[in-house]
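# Coordinate inspection notes
This is what each chain is made of:
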Amino acid sequence: MADQLFPVPPVKYGSLQVGGMTLEQSPFAEIVSLGAFSGARRDELVNRIHEVFGVILPEHPRAVLAADGRCTFLWNGPSQWLAVAMEDTGLLSRLGEVCGDACALTSQSDSRAILKLSGPDSRNVASRLVPVDLHPRVFGKDHVASTLAGHIPVIMWQTDDEPTYLFLVFRSLAASLFHDFSVALNGFSSSETDSCV
């Protein structure tokens, strides 16, 4: 009888806490890319998403939350977006029903991991690796950047004003990114409560 396979987290540590900041794997698990077909089909896609999800797909590097709060659409280039949702929401099937004939849909859930960096100095930590101006006047809540974190390609998404950042990264590079951020966290005040779980 064949052995049953179980999913393995891309990063072996649950979380790292240093100086009031936390680095961890995000619970977000379902990711779908949308690539709009050209011409009228693109407009049709935008209209259908608006009708069903209650949002206008962003034309700039931004993230917009669906009206029902179950998924978020991230700009990922001209006429390209990522839809991100909690696990087991059936996002790919739902999008297929809504707009599968107006765009190319591809599941990215198994190819991407999401790391979450939060805490009062997370902007300073992120700026050690990301060549993006993260000043709150320039990069704030719901801003998105397709960039590098060190040498690793990521999609960076600021989800609140704390700030909290999510980094969408290829699963095979997630452990390396976690390590790079753990190094970037060095130098911040630590205490006996700092830990790697």
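Residues numbered from 1 in each chain as written. Predicted model: local features only at pLDDT ≥ 70, side-chain atom pairs only at ≥ 80, totals over all residues. Heavy atoms only, no water.

With that settled, the discussion passes to the domain arrangement of the chain. Looking at the assigned domains, one finds that the chain contains domain 1 (17-27 + 111-187) and domain 2 (30-107). When each unit is reduced to the centre of its C-alpha atoms, the spacing between domain 1 and domain 2 is 24 Å. At the junction of the two partners, domain 1 supplies nine residues and domain 2 supplies eleven residues. Of the roughly 980 Å² buried between domain 1 and domain 2 on both sides combined, carbon and sulfur atoms contribute 72%. Scanning the region where domain 1 abuts domain 2 turns up zero salt bridges. Along the contact surface separating domain 1 from domain 2 lie three residue pairs in polar contact (both at pLDDT 80 or more). The residue makeup of the side of domain 1 that touches domain 2, split by class, is six nonpolar, one polar and two charged. (Domains from an automatic or database assignment. Contact = heavy atoms within 4.5 Å. Buried area = accessible area lost by both parts, 1.4 Å probe. Salt bridge = Lys/Arg side-chain N within 4 Å of Asp/Glu carboxyl O. Polar contact = N/O pair within 3.5 Å; in protein donor to acceptor, adjacent residues only side chain to side chain. Nonpolar A, V, L, I, M, F, W, Y, C, P; charged D, E, K, R; others polar.)

Let's shift gears to the layout of surface pockets. Empty space within the largest pocket amounts to approximately 540 Å³. Together, 19 residues line the largest pocket, and Phe-28, Ala-29, Glu-87, Ser-109 and Arg-171 are the ones closest to its centre. Those elements that place two or more of their residues in the lining of the largest pocket are strand E3 (28-36) and strand E8 (112-118). Residue composition of the lining of the largest pocket, by class: ten nonpolar, three polar and six charged. Each of two domains, domain 1 (17-27 + 111-187) and domain 2 (30-107), supplies a minimum of three residues to the lining of the largest pocket. (1 Å grid on protein atoms, 1.4 Å probe; cavity = no way out; pocket = protein on both sides within 12 Å on 5 of 7 lines; lining within 4 Å. Points joined across faces, edges and corners; volume = space filled by probe spheres on them. Helix = DSSP H or I, 4+ residues; strand = E, 2+ residues; numbered from the N terminus.)

For E3 and strand E6 (residues 80-86), the ladder comprises seven bridges, and the chain directions are antiparallel. Looking at E6, one finds that Ile-31 is bridged to Val-84. Here E3 pairs with strand E7 (residues 103-107) via five bridges, running antiparallel. Within the sheet, the bridge partner assigned to Ser-33 lies in E7 and is Thr-106. (Pairing = 2+ DSSP bridges.)

With that settled, consider helix H2 (residues 91-99). Listed as buried for H2 are Leu-91, Leu-95, Val-98 and Cys-99. Summarising the axial view, the buried residues of H2 lie within an arc of 65°, below the 170-degree limit, and thus occupy one face. Exposed positions of H2 whose direction lies more than 90 degrees from the buried face are Ser-93 and Glu-97. Check the buried side of H2 and you find it contacts E3, helix H1 (40-53), strand E5 (71-75), E6 and E7. (Buried < 20%, exposed > 50% of the residue type's maximum accessible area, 1.4 Å probe, protein only. Arc of directions from axis to C-beta.)

Attention shifts here to the side chain of His-143. In this fold, His-143 is placed in the loop between helix H3 (122-127) and strand E9 (144-149). Once you skip the residues sitting within four places of it in the chain, His-143 turns out to touch Pro-61, Arg-62, Val-138, Met-156, Trp-157 and Gln-158.

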